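# Close look at the chain arrangement
These are the residues of each chain, in order.
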Amino acid sequence: MINKDRAIVEKRKNTFKDEIKDPSLVEKSPKKLFKMLEEENFGEEIQQLWSQGNSDRSMWMTRQQAFLDEYDEFLDPIIEAPASWAADLHLPVSFTIAKTFHARFYAAVMGQEPICNVKARTAANEERTQMIQDLMSYTMKSWANDYNGIEEEMDAFVWNWVVRGTAIFKTSWDKRVSRIVDAVKKQVPVLQYVTNPETGAEEVVEGVQEVETEEEVTITDCDAPKIKRVAPEDLLVIGGDGDIDSADAVIEQLFMNASDLWSLVDQGIFDEDAVKEIIEAGNNNKSGQVNNGIKTQQIEKSGETNLDKSYDLDQYRILEAYVRKDVFESGINSDIVVWVHPDSGRILRATFLHRINKKTKKRPYQKADFYKREGQVYGIGLIELTYSLCKEIDALNNMAMDFGLLSSLPFGYYRATSNISQESIPIEPGSLIPVDDPSAILFPNLGARQVFPMQQLQFLYQMIERLTGINDLNLGVIGAQGATRTASGVQALMSESNSNLDIFLRRLNRPLKKMFKYVFAMLQEKMPPGFEFRLLGDDGKQYFKQVKSREEIAGDYDFDLEPNSANSNQGIRQQVAMTVMQLTSNPLDIQLGIITPLQRYESLKNYLVSMGVRDFGRYLQKPPQQMRVYTPEELANRILAGIDVQLTPEQDLGGFINYVTEIMDDDEKLGQFNQDQAIVLVKKMQEAIQMQQALQQMAGQQANANQMRSNAAQSANQTLQSSAPGEVGNVGQPTEGMPQ
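Residues numbered from 1 in each chain as written. Predicted model: local features only at pLDDT ≥ 70, side-chain atom pairs only at ≥ 80, totals over all residues. Heavy atoms only, no water.

## Some thoughts on unusual backbone geometry
To keep it simple, the criterion reads: Helix and strand definitions follow DSSP, with helices as H or I runs of at least four residues and strands as E runs of at least two, each counted in order from the N terminus.
With phi around 60 degrees, tyrosine 147 is a residue other than glycine that occupies positive phi space. The backbone of lysine 361 sits at a positive phi, close to 55 degrees, despite the residue not being glycine. Considering the arrangement of structural elements, one finds lysine 361 in the loop between α10 (353-356) and β9 (365-369).

Quick look at the structure:
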């Protein structure tokens, strides 16, 4: 083993003691609750609850293993052939259906931009919706799961939902720190000899010199939301008809190494004495647990020997239990959370659910059921729905193979009194077989018997299509003509197919909405202040936003997902986008003002996005009157980020000049930037001053021109009014003496 966990229990020291601030009371276990549960041996009750619950669902886990064999088996036959020569081929029909469903629904969830739509619940928070929508998109696609995003977890989540019928997400905040020895640059005082320019004598002055030293430093490995998939067999739901939030108890089985346990001790979350006792008691094996039969089967199918490896870090089994218990002797249950070591019954942490997430007050699990049985905990997946049909397809296909084999290499009869010995004679082109009487050998004509199994196979495939809504069009296969001979026929078939799939997508969207709401609640409570994130602007370029404090994302919001499976079909999305683009190109509507330049721009952008063009800024430019106006701070941040910012008259030039001037006049603020950044800011400020002066000159010239035109018009009016009859300008009567 790399680490010796037991050897360091007594001599271990907290290396983070001076660098990790004390956790708030919210993170710690309430002393009164912790002591009461310890005195009641509540840890043993949780262990008994886990054992009884697994015993009750043992039949479900056994059935799950059989169902998973249907798609997770490609090498060995899943049925025993009736004879050694008979076919025992397993057709991956269920796997084909599952991967098609998986691709459609994964595209429907992750193919949207933005990934969710944010709507404020009150008018006061309406202006914050765009900021929160950008923040949530960045969190889900980039920041969460240690800057890996949720794509991988969502992939596995949708697969579990389709195949097994139940998929579970767990959302939490992941904060990890580690200790390393790093090279640190420091400024140290030194004595320097300099020449006095007035006297020419050498003088000793104090200065500083930058040197590198090795020091132990604490680094933050992760401080971000964590969205992980939980295997259905690792989560026990008791009561509530499978509803996580309504259940009497929800218990998850975790495996943590010693480093994970000690890290939580140093953060003030786990009880130190309990962790010491757990490590001294020894590690636990995953393969020995009653609920890990499915994992053992899957790892054996992959070619590995066991869940546990001798070279793995020691793992310790922990039960994280969300239960309802009367803790105040009032007869009213309270939602509490306990972390228990089941082997020893020790409690590592106990707290109230409200203290984990005050915004939602919900358990951190989101469960999706593909097809729900009334009153049951777990849903039904495609494998279970098609299990009997796929078995029948395998049997009929192998039967047809056997008929074909018997027709190609038939059996025969020979006369018992003949001198032919009973042996297998190889048949080759040009070979001659010596017999006394060829008529003594008879090969019966079995005829073509594949018609019955092929007809039955066709019927079973039709049943699967009607059951699942998956047909050749979904698979990208052009079959017989029929309704597909025209474009309108294809469109009608696809619309009906999407209608069948919409109900499943709505079932998937419900837990995802809960997940988005829970993640956002964690951001409101735990997001680091001054967090900066990246987003894609309207011009197709990358921009950055900063959330200075959590107050900027305060409020209640709803998170909506598009519940339309047609959006997962690339062809339909492109067709809709093209229809909208053609609609917004009507010249009459543009002249009437029904369609604005911004709406035309949005339709073109939508079409390019549907075609898979992400950098649409290369081909489109937002109408000038619709260009985004940045605040002075946003302009400065973009300039410091190395973005070539083109100043325009629409920008707040005066505010930007004042903002940069304030930085330059404040030594503390100026010290946050290096010399190159300060130079870039000053140059851009000078450019803004020049543009502002030019605009002022233009405004002055325009004002002078307007004044001159006004004076000329006023002078002409005065001349016109003061001229007498017969003088120049009086057109009423001709001037006397002028030729007629």
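Once you've had a look at it, read on.
## Quick notes on the environment of valine 576
The test is simple: Summary of the burial criterion: residues with accessible area below 20% of their type's maximum are buried, those above 50% are exposed, and those between are partly exposed, where the area comes from a 1.4 Å probe applied to protein chains only.
Assignment of secondary structure puts valine 576 in helix α15 (residues 570-583). Residue classification places valine 576 among the partly exposed residues on the basis of a relative accessible area of 47%. A C-alpha to C-alpha distance of 8.6 Å links valine 576 and tyrosine 607, two positions 31 residues apart in sequence.

## Quick word on helix α13 (residues 451-468)
Applicable threshold: Expected span of a helix, by definition, is 1.5 Å for each gap between consecutive residues, and there is one gap fewer than residues. Directions pointing from the helix axis toward each C-beta atom define the arc.
Under the 1.5 Å per step criterion, the end-to-end length of α13 is 26 Å for 18 residues, consistent within 8% with the ideal 26 Å. Along α13, the residues that are buried comprise Pro453, Leu457, Leu460, Ile464 and Thr468. The buried residues of α13 occupy an angular sector of 65 degrees when projected down its axis, which confines them to one face. The exposed residues of α13 that point more than 90 degrees off its buried face are Gln455, Gln458 and Arg466.

## Some words on the confidence of the model for the protein chain
Stated formally: Residue-level confidence of the predictor is what pLDDT reports, using numbers from 0 through 100. Here, two residues are considered to be in contact whenever any of their heavy atoms come within 4.5 Å of each other.
Summarising the model, the protein chain shows a mean pLDDT of 80, and 85% of its residues fall at 70 or more. The low-confidence segment residues 481-485, where pLDDT is below 50, has 6 contacts with residues more than four positions distant or belonging to other chains. Here residues 728-740 is modelled with pLDDT under 50, and outside its nearest four sequence neighbours on either side it reaches 6 contacts, counting other chains as well.

## Some details on the pairing of strand β5 (residues 249-256)
Here is the rule we go by: When DSSP finds two or more bridges between a pair of strands, those strands are recorded as paired.
Counting buried residues in β5 gives 7 out of 8 residues, a clear majority hidden from the surface. Direction of pairing for strand β4 (residues 235-238) relative to β5: antiparallel, over a ladder of 4 bridges. Paired with leucine 236 across the strands is isoleucine 251, a residue of β5. Bridge analysis of β5 against strand β6 (residues 316-325) gives 8 bridges, and the strand direction is antiparallel. Bridging from a neighbouring strand, glutamine 253 pairs with leucine 319 of β6.

## Regarding the sheet that holds strand β2 (residues 166-195)
Spelled out, the test is: Think of each axis as a best-fit line through the C-alpha atoms, taken over the contacting stretch in the case of a helix, with angles from 0 to 180 degrees between the N-to-C directions.
The strand order across the open sheet built from 3 strands is β3-β2-β9, with neighbouring strands paired in antiparallel fashion. What marks the edges here is a single partner per strand, and that holds for β3 (202-230) and β9. For this sheet, the mean inter-axis angle between neighbouring strands, taken without regard to orientation, is 20 degrees. Pairing between β2 and β9: 5 bridges, direction antiparallel.

## Looking at the sheet that holds strand β8 (residues 346-352)
Taken together, the 5 strands give an open sheet; going across it, the order is β4-β5-β6-β7-β8, and neighbouring strands pair in antiparallel fashion. The open sheet has two free edges, formed respectively by β4 and β8, since each of these has just one partner strand. If you compare each strand with its neighbour and ignore which way they point, the axes differ by 15 degrees on average. Sitting on the sheet, helix α7 (residues 258-266) is in contact with β5, β6 and β8, with an inclination near 115 degrees to β5. Its contacts with the sheet put helix α8 (residues 272-281) on β6, β7 (334-341) and β8, and the angle it makes with β8 is roughly 145 degrees.

## Focus: the nonpolar core
Note the cut-off: Among buried residues, the Ala, Val, Leu, Ile, Met, Phe, Trp, Tyr and Cys ones that are joined through side-chain atoms within 4.5 Å form a nonpolar core.
Of all hydrophobic cores here, the largest spans 114 residues; its most connected members are Phe101, Met136, Met154, Trp161, Leu512, Met515 and Phe516. The element contributing the most residues to this core is helix α14 (residues 487-526), with 12 residues. Sequence-distant contacts of phenylalanine 516, defined by excluding residues within four places in its chain, comprise Ile115, Cys116, Met136, Met140, Phe559 and Leu561. Counting 19 residues, the second largest nonpolar core, distinct from the first, contains Phe42, Leu236, Val323 and Ile336.

## Thoughts on the side chain of glutamate 153
Selection criterion: Any N or O atom pair separated by 3.5 Å or less is treated as a polar contact, with the protein-specific requirement of one donor-capable and one acceptor-capable atom, and with residues adjacent in sequence counted only for side-chain atom pairs.
As for its position among the elements, glutamate 153 is in helix α6 (residues 151-163). Separated by 2.9 Å, the side chain of glutamate 153 and the backbone nitrogen of arginine 229 make a polar contact.

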